[in-house]
Every structure is written in structure tokens, then in C-alpha cells.
Amino acid sequence: MCGIFGCIHRSNLDFTIHDFNKINQDLSHRGPDSDGVVEILKAENSIKLGHNRLSILDLSQNGNQPMISHSERFSISFNGEIYNHLELRNKYLINKKIKWKGTSDTETLLSLFENFDFEFVLQIIDGMFAIILYDHKNNYIYLARDRAGEKPLYISSTNYQLSFASDIEPLKKIKGFKKEINLEALKLFLNLNYIPAPLSIFNSVFKLPPGSLIIININKIKYSSNNNFESLISNNFIKFKKWFILEKKIKSKFSKNDNLFLIKEAENLLNQSVKRQMLSDVPLGAFLSGGIDSSLIVSLMQENQSQTKTFTIGYESFKEIDESKDALQIANYLSTDHTSYNFTTNEIINTIPEIQFAFSEPFADSSQLPTLLVSQIAKEKVKVVLNGDGGDELFGGYNRY
């Protein structure tokens, strides 16, 4: 998906928009379709926003970012997709007499922010996202991450700048950045196979936790290096808040001890979610492993379109983990447009060095290699894929649950 990048620093710092743009290019692998940078000088500070776009909705220039709102009060660099943005246009913006430039969800987001409170907008949008929003009027920066943390958003502070990006790589090139390993994060990585938010592998870089937001008052900003997240958010120019708390969202109707009711309700919700996520102006497909989760997603996709492009990989030398035969059975049963590719041992070995460029920090899930491999195959035919990730976590599919 798209790459987003932003920073705040003193105007007299020797860091030009050209320097910023060179660093922004480090995110081109996340958004190869277009890129852009913008600089706003405000009193003693410079605010810079960058974006690398993967075009999914509204493929025209009207969807390019950073984007400025109709009133020119807000500028945004946004990564993700808002599945219900057309519904929100009709429900909340129909009477605002907006002269829409295009059909992108980014333009919808900006118009919502112009007309409603920031946190209210987060509550009504349905999607995956990481947002950097600048308020020209109040001189605030808003940062937000989606409920589940699907889209990454890293924050780094040095004695010269406060920076944020969808990848650690650009932050490493900010003046004053120190490549100091966070030993607590390293310990957790060895225990969990990943590094949980808000920690990252580096001392001065933090992940914004899922379902949370940060508001930065640039009028009061002071630049300093922070080696823990609590220290960062305790600054008086920063407001941190959890905007989504799962426990408050659990509906009482799910407490019914009725299996048929629960099955039907789950099916309705899954079908609604899949249908919304199929909103795309580019070719769309799905990963298919032959397991329950991906098979269910593909079957729901087939209900909502004539034929789904599905993708599976196999391994010539690792038959014990090869799911391609199971996937082919499902593909034939559902009548999908199926592509399967068997990787040789050498092809797999040659792909391993590329893993470090796909992930910002150490990540030990064994699925990362097959995910990278199947993505290479799918890229030849589609630009967006749905997959079954999250089913085991939500429905207790793993033994440890």
C-alpha cells in the first residue's frame, strides 16, 4: 500500500524540501504510481509531508497526495482504504454542497475532517489506515492508526526533528537519529517472534499503537530525543488517546447462546466486510491456500462477482507443507480463475535476501516467505488481493488460544 512520511523541524535547520524528497523516495516500493512532497512554513517551524501512492480508488491525478482540502485548511498524507467512504459522502456530506474533484476516499476523508471533529470521523469510517493530517489553521498535526493496526505508523524524535512514516527506513536518515538497538524490544522479539507496539527495534522509534491517535501542538513543540514512548507522549505539546477500545464495542446481541444465530450473524458480517473490501478501480484477486479462512473469503467474493482471480504457490522440494493441491480443489469447486506456481529450492533461496526490504524490523513469522512469493505471482495479474489473515486470531484457531 502507499508510503507516508512527514516531519516537523525548526525552519533554520539545514534540511531542504529537496533533502526531504530524496528520503521520501525510500518509500517508492510501497507506492510506485505517483509521489509528492509539500512544505509548509509556519512561524519558526517547517512542516513537511510526503507520499508514495499505490492507486486503487480514483486512478486519476485527483487522487494524488499529499492532498489539500477544499477550504485549504487541511493537508493529508494517508495510507490505506476507507471501505464505506461513498456511504459517508451520502450520509454526512450530501448537504454540504461540495464540488467533488474525484472519487477517492482521500478526498472524502479530508471533507469529513473539514466538517466534523477528528475523533468522530475516526469512529464512523470503516477501513484500514494510517493518517498524517496537518491543520493549517490551528497548527496541529494529527496522527491516527486503524483499529487493528493493519497499517503501520512509526514515530521518531531527535534533538532536531519529530518525524513519522509508514516504514523505519526514512526515519533512519533524519538528522540526529541514533541506531541504538532497544534491548527490551529485542527480548520481546525472541519471546514472541515480533516486536509489539509501541516498541520498535530502535530506542528512538515507536509504533503508534492500534486504535490510537496523537495530536501535536506545533506552537508549543520542543525538540528532544525520547528513548521510551511514555516519555514522548508526556510532552506538553502532545496529546495521546486510545480512540478505539474493543471492550466498549462488544454488542450484547452476541451473548445469545444460539449457535444458528451466531453462525448466521457471523456470515452476514463477513459477507458485508468482503463486499466492502472489493471496492476497487484496479484488478482484484485473492490468495487461496485451501484452508478454511482463505476458502471462506474466496467463496464470499464469488457470491459478489462473476469470477475471482485466485493465487496459490507450491514447493517442489517441500511436499509436507505444499497446500497447492488443496487450493486447486477449492478453486475448481468455486470455479475461480486460478493461478498456481511451484517454486524451486533455488528460487526460494534467492528470495530470502528480499525479506529485509519488505519488513521494517525483525519479524520471525514463518509465513513471511510464502507471502512474499505468492505476492510476486499475483502482481503479474492483479493489484489488490484479499486474504484470510486474522481468522485464527478472531476465532481461536491456533492451539495456543
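For the structure itself, consult the block above.
Below is a summary of the structure that appears in this document. Here the structure is a predicted model, which is why all the values come from computation and not from measurement.

**Some remarks on the layout of surface pockets**
At step 1: Considered as a void within the structure, the second largest pocket measures approximately 240 Å³ in volume.
At step 2: For the second largest pocket, the full set of lining residues is Asp26, His29, Asp167, Ile168, Glu169, Lys172, Phe202, Gln356, Phe357, Phe359 and Ser360.
At step 3: The set of elements that each furnish at least two residues to the lining of the second largest pocket consists of α5 (168–171) and α13 (355–358).
At step 4: Residue composition of the lining of the second largest pocket, grouped by class: four nonpolar, three polar and four charged.

**Focus on empty space enclosed by the protein**
At step 1: Enumeration according to the criterion identifies two cavities of 30 Å³ or more in this entry.
At step 2: Contributing to the lining of the largest cavity are 15 residues, with Leu54, Ile56, Gly80, Asp105 and Thr106 lying nearest its centre.
At step 3: Looking at the lining of the largest cavity, the elements that each hand over two or more residues are β5 (74–82) and α3 (105–115).
At step 4: The computed volume of the second largest cavity comes to approximately 50 Å³.
At step 5: The wall of the second largest cavity is formed by Ser157, Thr158, Gln161, Leu162, Ile221, Lys222, Tyr223, Ser224, Asn226, Leu232, Asn235 and Phe237.
At step 6: Here the lining of the second largest cavity is composed, by residue class, of five nonpolar, six polar and one charged.

**Side note on the nonpolar core**
At step 1: Core analysis: the biggest nonpolar cluster contains 26 residues, and Ile76, Leu109, Leu122, Ile125, Ile131 and Leu133 have the highest contact counts within it.
At step 2: Mapped onto this core, the elements with two or more residues apiece are β5, α3, α4 (118–124), β6 (127–135), β7 (140–145) and β11 (212–217).
At step 3: Listed in part, the 25 residues of the second largest apolar core include Ile40, Ile47, Ile221 and Ile238.

**Examining the side chain of Thr106**
At step 1: Mapped onto the fold, Thr106 is located in helix α3.
At step 2: Note on Thr106: relative accessible area 3%, which makes it buried.
At step 3: When sequence neighbours within four positions are dropped, the list of residues in contact with Thr106 reads Gln65, Met67, Ile76 and Phe78.

**Examining the pattern of salt bridges**
At step 1: Summed over the entire model, instances satisfying the criterion amount to 13 salt bridges.
At step 2: Arg10 is the partner of Glu44 in a salt bridge, and the nearest nitrogen-oxygen pair spans 2.9 Å. Taken together, the residues span a long stretch of sequence, with Glu44 in the loop between β2 (34–42) and β3 (45–53) and Arg10 in strand β1 (residues 3–10) at a distance of 34 residues.
At step 3: Put simply, Arg276 and Asp126 hold a salt bridge, and the shortest N to O gap is 2.6 Å. With Arg276 in helix α9 (residues 259–277) and Asp126 in the loop between α4 and β6, this pair connects stretches of sequence that are 150 residues apart.
At step 4: Judged by its relative accessible area of 28%, Asp126 is partly exposed.

**Overview of the sheet that holds strand β16 (residues 384–386)**
At step 1: If you walk across this open sheet you meet the four strands as β15-β14-β13-β16, and the pairing is parallel. Whereas interior strands pair on both sides, the edge strands pair on one side only; in this sheet they are β15 (337–343) and β16. Geometrically, the sheet is characterised by an average inter-axis angle of 30° between neighbouring strands, direction not taken into account.
At step 2: When strand β13 (residues 284–287) meets β16, the two strands line up parallel, connected through three bridges. In the sheet register, Leu284 faces β16, and the bridge partner there is Val384.
At step 3: Contacting β13, β14 (309–315), β15 and β16, helix α14 (residues 368–378) crosses the sheet at an angle of about 130° to β14.

**Thoughts on the state of the cysteines**
At step 1: All told, the structure shown has zero disulfides when counted by the stated rule.
At step 2: No disulfide involves Cys2; its sulfur sits 19 Å from that of Cys7, the nearest cysteine.
At step 3: According to the relative accessible area criterion, Cys2 is buried, its value standing at 5%.

**With respect to the packing of aromatic side chains**
At step 1: Inspection of the entire model under this criterion finds 15 aromatic pairs.
At step 2: A centroid spacing of 4.8 Å and a plane angle of 75° characterise the contact between Tyr341 and Phe343, whose relative ring orientation is edge-to-face.
At step 3: With centroids separated by 4.9 Å and ring planes inclined at 35°, the aromatic side chains of Phe359 and Phe363 adopt a geometry described as tilted.
At step 4: Take Phe363: its relative accessible area is 32%, and that puts it in the partly exposed class.
At step 5: An aromatic cluster is present here, built from Phe113, Phe118, Tyr140 and Tyr142 joined pairwise through their rings.
At step 6: Across the ring face of Tyr160, the terminal group of Lys175 is positioned such that the distance to the ring centre comes to 4.5 Å.

**Quick word on unusual backbone geometry**
At step 1: Pro66 follows Gln65 through a cis peptide bond whose omega is -5°.
At step 2: Mapping Pro66 onto the fold places it in the loop between β3 and β4 (67–68).
At step 3: Going from Ala197 to Pro198, the amide bond is cis rather than trans, its omega being 5°.
At step 4: With respect to the helices and strands, the residue Pro198 is situated in the loop between α6 (183–192) and β10 (205–207).
At step 5: The phi angle at Ala43 is positive, at roughly 55°, despite the residue not being glycine.
At step 6: Looking at the secondary structure, you find Ala43 in the loop between β2 and β3.
At step 7: You can call Ala43 exposed: its relative accessible area is 81%.
At step 8: You will see that Asn193, though not glycine, has its phi angle at about 75°, which is positive.
At step 9: When its relative accessible area of 41% is taken as the criterion, Asn193 is described as partly exposed.

**Let's talk about the sheet that holds β4**
At step 1: Pairing within the open sheet is antiparallel, and its six strands lie in the order β4-β5-β6-β7-β11-β12. In the strand order of this sheet, the two ends are held by β4 and β12 (238–242), each with one partner.
At step 2: Direction of pairing for β5 relative to β6: antiparallel, over a ladder of nine bridges. Bridge pairing in β6 links Ser75 to Tyr134.
At step 3: Of the strands in this sheet, β4, β5 and β6 are in contact with α3, which crosses β5 at around 125°.

Conventions and cut-offs
Residues numbered from 1 in each chain as written. Predicted model: local features only at pLDDT ≥ 70, side-chain atom pairs only at ≥ 80, totals over all residues. Heavy atoms only, no water. 1 Å grid on protein atoms, 1.4 Å probe; cavity = no way out; pocket = protein on both sides within 12 Å on 5 of 7 lines; lining within 4 Å. Points joined across faces, edges and corners; volume = space filled by probe spheres on them. Helix = DSSP H or I, 4+ residues; strand = E, 2+ residues; numbered from the N terminus. Nonpolar A, V, L, I, M, F, W, Y, C, P; charged D, E, K, R; others polar. Core = buried A, V, L, I, M, F, W, Y, C linked by side-chain atoms within 4.5 Å. Buried < 20%, exposed > 50% of the residue type's maximum accessible area, 1.4 Å probe, protein only. Contact = heavy atoms within 4.5 Å. Salt bridge = Lys/Arg side-chain N within 4 Å of Asp/Glu carboxyl O. Pairing = 2+ DSSP bridges. Axes fitted to C-alpha atoms, helices over the stretch in contact; angles between N-to-C directions. Disulfide = S-S within 2.5 Å. Phe/Tyr/Trp six-rings, centres within 6.5 Å; stacked < 30°, edge-to-face > 60°. Lys NZ or Arg CZ within 6 Å of the ring centre and 35° of its normal.

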